[in-house]
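Remarks on the overall topology
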Amino acid sequence: FAREKGVGNTGTTLVAAVIEKGELYWVSVGDSSLYLIQRGKAIRQTRAHNYELFLKMKLDRGEVSQEELKRDKQKRDALISYIGKGNVDLVDVNTSPIQLQNGDLVLLCSDGLTKILSDDEIEAITDRFSDDLSSAVWILMREVKRKADEKKRKTDNISIVLMQYRTEC
């Protein structure tokens, strides 16, 4: 998933998944997300590699106060790790594979989806349309556009991959 970082400085985020023998493996750089949706419950597996995460890590180490964390609201979404110019400072990989169950959904998406729709909204749509993944994807995109228009917000790009794990009968 691509992200522009200013004139002459472009980069991309990455979220990728592999399913082998019923086990899910994933890797993430940047702020794209991967959700595992089991029995209608969506659980985000990745974290956004942005300035807010950097501040939270500093807070955990006692290097900044809660007030300092709240002060930098405008910078919170700025990426601290992405693929492009400079180093990839942070890469997340699941440390052990996730065993999938028949019917589980795996959603990979850019922040254009997650900045507009809540985890609960994503969960409700994917649960309602778990038997029709194409419709689920279109409704997710439609809801992003509808909510953005309603709030007069500009949307980021929206990239969605939705897959379902099925065991052989």
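A short tour of the structure in this document, coming up. Numbering of residues begins from 1 in every chain and follows the order in which that chain's sequence is written. Where local features are concerned, this predicted model is filtered to residues with pLDDT of at least 70; where side-chain atom pairs are given and counted, the filter is 80 or more; whole-chain, interface and lining totals use all residues. To get the side-chain values, all heavy atoms of the structure are used, and hydrogens and water are removed first.

1. Some points on the overall build of the protein chain
Helix and strand counts for the protein chain stand at 5 helices and 11 strands. In this setup the radius of gyration rests on C-alpha atoms only. A globule is expected at 2.2 Å times the number of residues raised to 0.38. For 169 residues, the compact-globule estimate of 2.2 N^0.38 gives 15 Å, and the C-alpha radius of gyration of the protein chain, at 17 Å, lies within 12% of that figure. Viewed in the frame of its principal axes, the protein chain has a C-alpha envelope of about 55 × 40 × 35 Å. Burial classification: accessible surface area is computed with a 1.4 Å probe over protein chains only, and a residue below 20% of its type maximum counts as buried, one above 50% as exposed, and the rest as partly exposed. Buried residues in the protein chain amount to 40% of all 169 residues. Within the protein chain, contacts between residues separated by at least 24 positions form 65% of all contacts whose residues are at least 6 apart in sequence. Secondary structure follows DSSP: runs of H or I at least 4 residues long count as helices, runs of E at least 2 residues long count as strands, and numbering of each begins at the N terminus. In what follows, a contact means two residues having at least one pair of non-hydrogen atoms within 4.5 Å.

2. Focus on unusual backbone geometry
In most cases, non-glycine residues show a negative phi, while peptide bonds are predominantly trans. Of note, the phi angle at lysine 21 is positive, near 55 degrees, even though the residue is not glycine. Checked against the element boundaries, lysine 21 lands in the loop between strand E3 (14-20) and strand E4 (23-29). One non-glycine residue, arginine 39, adopts positive backbone phi at about 50 degrees. Here arginine 39 lies in the loop between strand E5 (33-38) and strand E6 (41-44).

3. As for the nonpolar core
Among the nonpolar cores identified, the biggest contains 21 residues, and Tyr35, Leu107, Leu113, Leu117, Ile122, Leu140 and Ile160 are the most heavily contacted of them. Counting residues per element, this core draws most heavily on helix H5 (residues 133-150), which supplies 7 residues. Leave out the neighbours within four places in its chain, and leucine 117 touches Ile122, Ile125, Leu140, Glu143, Val144 and Lys147. We define the nonpolar core as a collection of buried residues of types Ala, Val, Leu, Ile, Met, Phe, Trp, Tyr and Cys that are connected through side-chain atoms lying within 4.5 Å of one another. Grouped together as the second largest cluster of nonpolar side chains are 10 residues, Val15, Ile98, Leu108 and Tyr165 included.

4. Side note on the sheet that holds strand E11 (residues 160-164)
With antiparallel pairing, the 4 strands of this open sheet are ordered in space as E6-E5-E10-E11. Looking at the sheet topology across the chains shown, the edges are occupied by E6 and E11. When the angles between neighbouring strand axes are averaged without regard to direction, this sheet yields 20 degrees. By the convention used here, strands pair only if DSSP detects at least 2 bridges between them. Here strand E10 (residues 105-109) pairs with E11 via 5 bridges, running antiparallel. Note that in E11 the partner of valine 106 across the bridge is methionine 163. Strands in contact with H5 are E10 and E11; relative to E11, the strand with the most contacts, it is inclined by about 150 degrees. A fitted line through C-alpha atoms serves as each axis, taken over the contacting stretch for helices, and the angle formed by two N-to-C directions is quoted from 0 to 180°.

5. Some details on the side chain of asparagine 50
Positionally, asparagine 50 belongs in the loop between E6 and helix H1 (51-60). Every residue in contact with asparagine 50, bar those within four places of it in the chain, is listed here: Arg76, Asp77, Ala78, Leu79 and Ile80.

6. Concerning the pattern of salt bridges
A carboxyl oxygen of Asp or Glu within 4 Å of a side-chain nitrogen of Lys or Arg is what we treat as a salt bridge. Inspection of every chain in the model, using the stated rule, returns 10 salt bridges. With its nearest N and O atoms 2.8 Å apart, the salt bridge here joins aspartate 119 to arginine 44. Of the two residues, aspartate 119 is situated in helix H4 (residues 119-128) and arginine 44 in strand E6; the sequence distance between them amounts to 75 residues. Assessed through its relative accessible area of 28%, aspartate 119 is described here as partly exposed. For the salt bridge of lysine 147 with glutamate 121, the shortest nitrogen-to-oxygen distance reads 2.7 Å.

7. With respect to the side chain of serine 28
Within the secondary structure layout, serine 28 lies in strand E4. Every residue in contact with serine 28, bar those within four places of it in the chain, is listed here: Leu14, Val15, Thr46, Arg47, His49, Leu90, Val91 and Asp92.

8. Remarks on a nonpolar patch on the surface
Each patch is built from salt-bridge-free residues with over 30% relative accessible area, joining like charges within 9 Å and nonpolar side chains (Val, Leu, Ile, Met, Phe, Trp, Tyr) within 5 Å. Areas reported here follow the Shrake-Rupley algorithm with a probe of radius 1.4 Å; residue values treat only the protein chains shown as occluding. A cluster of nonpolar side chains, namely Leu14, Ile83, Val88, Val91 and Val93, defines an oily patch on the protein surface of about 360 Å² accessible area. Tracing the backbone through its elements, the reader meets isoleucine 83 in strand E7 (residues 83-84).

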